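The primary structure of each chain is shown beneath.
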Amino acid sequence: MLFDKKDIQLVSNAIMNMLHEEEIEIVNRLHDALSEKESDKITELYELLVYDVEDHFSTEEAMMQESGFYAAEIHKAEHDTMRKKIKVLGESWERNKNPREIQDFLEGEFKHWMVLHVARWDAETAMHLGDTM
Ligand SMILES: [Fe+2]
Ligand SMILES: [Fe+2]
C-alpha cells in the first residue's frame, strides 16, 4: 500500500473527495502489483490509472470552467504536466517492462505531487466551488 486515506486531505467538495479516494485505491492496487512484479496486472492497472487520472483531472477542469475559478489555467497546467509524465512512463513500461521505474515514480514524485496538489490547488478550487455543483 502506498497511500493511506489520511495522506490526502479532504477538501470542501464531495465530488473531488470521491475522485481522490478512487484514485488512491487504484494507485494502491497498482503499487501492490508492482511489488509482486505481476506484469499483466501492472499493464491492466496502469491503463486503469490513465483512464482514472483523465476522469479526475477533466472533471475538475469542467467544474472550474463552469464556475469561473480565477486560477483555472494554472490548476490545469499542473494537471497537464502530470498527464504527460504518466503518458511517457506508460510508453516506457510498454517497451521495458521495468516495474522499478513505475514504483520509484509512484513512491517519490507522484505521492509527493498528489499530496501537495490537493492541498494547494484542489483545496482552493473546492473552496471556490463549495458544494454547489
Ligand atoms: Fe484533484
Ligand atoms: Fe487538481
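Preceding this section is the structure that the text describes.
Residues numbered from 1 in each chain as written. Chains lettered and ligands numbered in written order. Predicted model: local features only at pLDDT ≥ 70, side-chain atom pairs only at ≥ 80, totals over all residues.

**Q** Would you explain the nonpolar core in this entry?
**A** One recurring pattern in soluble globular proteins: nonpolar side chains tend to sit buried together. Membership of the largest hydrophobic core comes to 23 residues, with the highest contact counts inside it found for Leu30, Ile42, Leu45 and Leu49. Counting residues per element, the ones that place at least two in this core are α1 (14–36), α2 (39–67) and α4 (99–129). Setting aside its immediate chain neighbours within four residues, Leu30 contacts Ile42, Leu45, Tyr46 and Leu49. (Core = buried A, V, L, I, M, F, W, Y, C linked by C-beta atoms within 7 Å. Buried ≥ 20, exposed ≤ 12 C-beta atoms within 10 Å, placed from the backbone. Helix = DSSP H or I, 4+ residues; strand = E, 2+ residues; numbered from the N terminus. Contact = placed C-beta atoms within 7 Å.)

**Q** Help me understand the packing of α2 against α4 in this model?
**A** Two measures define how a pair of helices packs: the angle their axes make with one another and the distance between the axes. Where α2 contacts α4, the axes come no closer than 13 Å and their chain directions differ by 20°. The angle between α2 and α4 falls in the class roughly parallel. Note that α2 runs across α4; the crossing there is left-handed. On the side of α2, the interface is formed by Ile42, Glu60, Met63, Met64 and Ser67, while α4 contributes Pro99, Asp122, Thr125, His128 and Leu129. By residue class, the composition of the contact of α2 with α4 is 5 nonpolar, 3 polar and 2 charged. (Axes fitted to C-alpha atoms, helices over the stretch in contact; angles between N-to-C directions. Parallel < 35°, antiparallel > 145°, perpendicular 65-115°, else oblique. Left-handed = near helix turned anticlockwise from the far one by under 90°. Nonpolar A, V, L, I, M, F, W, Y, C, P; charged D, E, K, R; others polar.)

**Q** So what exactly am I meant to see when it comes to unusual backbone geometry here?
**A** With glycine set apart, most residues show a phi of negative sign, and most peptide bonds adopt trans. Of note in this structure, Lys37 is not a glycine but carries a positive phi near 55°. Within the fold, Lys37 resides in the loop between α1 and α2. The backbone of Lys97 shows a phi angle near 45°, a positive value even though the residue is not glycine. Its location among the elements puts Lys97 in the loop between α3 (72–96) and α4.

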